[in-house]
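Structure assessment
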Amino acid sequence: LTGQAALDHLRQQDARLNDIAAIIKAPAGELADRIRALFDERKALANEVAQLKRDAALGDKFAEAVEINGIKFVGQVVSGVAGKDLPPMIDEIKAANGSVVVVLVADTGSKPAVCAGVTADLVERISAVDLVKAAVEVLGGKGGGGRPDLAQGGGANIDQASAAIKAAKSLIGG
């Protein structure tokens with residue numbers, strides 16, 4: 001742009017910047033810092049909401065661990081969380097139980113999500129990937145994957161959540 005068109009464009013940009021400054025209630029020169037602070041605050045609040053959802057989904061306590069062939073197993077269906085919330089929940093359960101195998105199925109309202117975790121001392125005996133694949137198959141999904149200590153997958157039918165946990169449990173011998 002040149003001449004009057006360039007000047008008009010700069011005036012429009014300045015007007016937009018002043019509108020943003022008024023909305024954010026900060027001088028134009030401080031907008032970048034203020035916006036950065038707002039994004040940081042939003043991220044912290046989103047993390048806090050996710051933690052509260054995970055806590056609410058697990059309730060007051062985790063499902064009781066049952067022992068199968070000398071291995072502690074926790075299997076639980078949780079509601080109100082997304083699949084991405086399951087790994088931190090598994091970490092909490094592993095920390096609370098020590099040596100344990102965990103399988104969680106999230107009732108997401110649409111397609112169920114499955115996540116399995118195995119503590120480091122048990123990965124030689126059981127793989128989280130195998131647990132997820134067994135559960136996902138029952139839920140009408142395909143595949144799933146990850147590492148021997150943490151794996152995820154998805155299904156199509158939440159009505160089979162209990163059966164999916166039983167399928168994973170059967171790999172341990174239960």
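This is a predicted model, so every value here is computed, not measured.

A word on the overall build of the protein chain
Helix and strand counts for the protein chain stand at five helices and six strands. Listed N to C, the secondary structure of the protein chain is α-α-β-β-α-β-β-α-β-β-α in terms of helices and strands. The C-alpha extent of the protein chain, read off along each of the three principal axes, is 80 × 30 × 30 Å. Across the 174 residues of the protein chain, 35% fall into the buried class. When contacts within the protein chain are restricted to residue pairs at least 6 apart in sequence, those whose partners lie at least 24 apart make up 52%. As displayed, the protein chain offers around 10000 Å² of accessible surface, 52% of which is attributable to carbon and sulfur atoms.

With respect to the environment of Ala-128
Considering the arrangement of structural elements, one finds Ala-128 in helix H4 (residues 128-138). Its relative accessible area of 0% is what places Ala-128 among the buried residues. Taking the C-alpha atoms as reference points, Ala-128 and Asn-97, 31 residues apart in sequence, are found 17 Å from one another. Setting aside residues no more than four positions away along its own chain, Ala-128 makes contact with Ala-116, Gly-117, Val-118, Arg-147, Pro-148, Asp-149, Leu-150 and Ala-151.

Structural notes on the sheet that holds strand E2 (residues 71-79)
Sheet architecture is open: six strands sit in the order E1-E2-E3-E4-E6-E5, paired in mixed fashion. Of all the strands in the sheet, just strand E1 (66-68) and strand E5 (145-147) have a single pairing partner and so form its edges. Going from strand to strand, the sheet's axes swing by 20° on average, the running direction of each strand aside. H4 rests against strand E3 (101-107), strand E4 (113-118), E5 and strand E6 (150-154) of the sheet, and its axis sits at about 155° to E4. The strands touched by helix H5 (residues 161-172) within the sheet are E1, E2 and E3, with E2 carrying the most contacts at an inclination of about 165°.

Rules and cut-offs
Each chain has its residues counted from 1, running along the sequence as written. For this predicted model, a pLDDT threshold of at least 70 governs which residues receive local features, and a threshold of 80 or more governs which side-chain atom pairs are given and counted, while totals over whole chains, interfaces and linings are taken from all residues. In computing side-chain properties, one takes all heavy atoms of the structure into account and sets aside hydrogens as well as water. Elements are defined by DSSP. Helices are runs of H or I of four residues or more, strands are runs of E of two residues or more, and each kind is numbered from the N terminus. For the exposure calls, accessible area comes from a 1.4 Å probe over protein chains only, and a residue counts as buried if that area is under 20% of its type's maximum, exposed if over 50%, partly exposed in between. Here a residue-residue contact requires only that any non-hydrogen atoms of the pair lie within 4.5 Å. Computed by Shrake-Rupley with a 1.4 Å probe, the accessible areas treat only the displayed protein chains as cover when residues are assessed. Criterion used throughout: strands pair if DSSP finds at least two bridges between them. Between N-to-C directions, angles cover 0 to 180 degrees, with each direction set by a line fitted to C-alpha atoms, over the stretch in contact for helices.

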